[in-house]
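Here's the letter readout for the chains.
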Amino acid sequence: ISGNDAVLVMGLGPVGLAALQLSRALGARKLIGIDTQQHRLDLAMKLGLANHVFLAHKDNVQQVMDVTEGKGCEKAVDCSGNHVARLTCIHAARQWGKICFIGEGDSVSFDVSSSIIHPQKTIYGSWVTSIWKMEELVERIVQWGIHPEAIITDKFPLEQASDAYARMAEGQCGKVAITFE
């Protein structure tokens, strides 16, 4: 991700919000977020993480095309694991675009020739990284002045861990932290 890129992030839970934070730090010129929850869209805008946010809808690909002058995004990241969101990433990525699936679960079906081969798009899958890459990321977070704690919307003491998990499951929050107070 660089200053030349428009970046689409599908799914603005904690991982998606973090993807927007890192994309901004890497200089992405346009950041677009899509989610099923208005609260998460509002949080992304409040934190200054996105230029455009849209509620998940059948017209999302067109919305992305409209804000990218009809070209689509250079990078598209699915953090939701939802098949519709994955298709949106594939179809909203521009020619030669790069797509990354981070969200766990579900499946996706599409015409490989017209969706990937002919427009020469690349799909990556990412689940976990190496220790040395994680160390490098932590160093850069400090250097770049990124504050991941900004996406924490709820804190619970350890004794209320079950309440914390219930809050996360609602999907009406950013990152939920369990603290050892």
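Further up the page is the structure itself.
Caption draft 1: Structural context of the sheet that holds strand β4 (residues 73-78). The strand order across the open sheet built from six strands is β3-β2-β1-β4-β5-β6, with neighbouring strands paired in parallel fashion. Edge positions in the open sheet fall to β3 (52-55) and β6 (122-125), since each of these has one partner strand only. Neighbour-to-neighbour, the strand axes of the sheet open up by a mean angle of 15°, direction not taken into account. Relative to β4, strand β1 (residues 6-10) runs parallel, the two being bridged by four bridges. Residue pairing across strands places leucine 8 opposite alanine 76, the latter belonging to β4. The strands touched by helix α2 (residues 38-46) within the sheet are β2 (30-35) and β3, with β3 carrying the most contacts at an inclination of about 175°. In the packing of helix α4 (residues 83-92) onto the sheet, the strands contacted are β1, β2, β4, β5 (93-101) and β6, and the crossing angle to β5 comes to about 150°.

Caption draft 2: Quick peek at the pattern of salt bridges. Per the counting criterion, the structure on display carries ten salt bridges. A salt bridge links glutamate 74 to arginine 94; the shortest N-O distance between them is 2.7 Å. Here glutamate 74, found in strand β4, pairs with arginine 94, found in strand β5; they are 20 residues apart in sequence, far enough to count as distant. When salt bridges with common partners are traced through the structure, they connect Arg29, Glu74 and Arg94 into a single cluster.

Calculation rules
Residues numbered from 1 in each chain as written. Predicted model: local features only at pLDDT ≥ 70, side-chain atom pairs only at ≥ 80, totals over all residues. Heavy atoms only, no water. Pairing = 2+ DSSP bridges. Helix = DSSP H or I, 4+ residues; strand = E, 2+ residues; numbered from the N terminus. Axes fitted to C-alpha atoms, helices over the stretch in contact; angles between N-to-C directions. Contact = heavy atoms within 4.5 Å. Salt bridge = Lys/Arg side-chain N within 4 Å of Asp/Glu carboxyl O.

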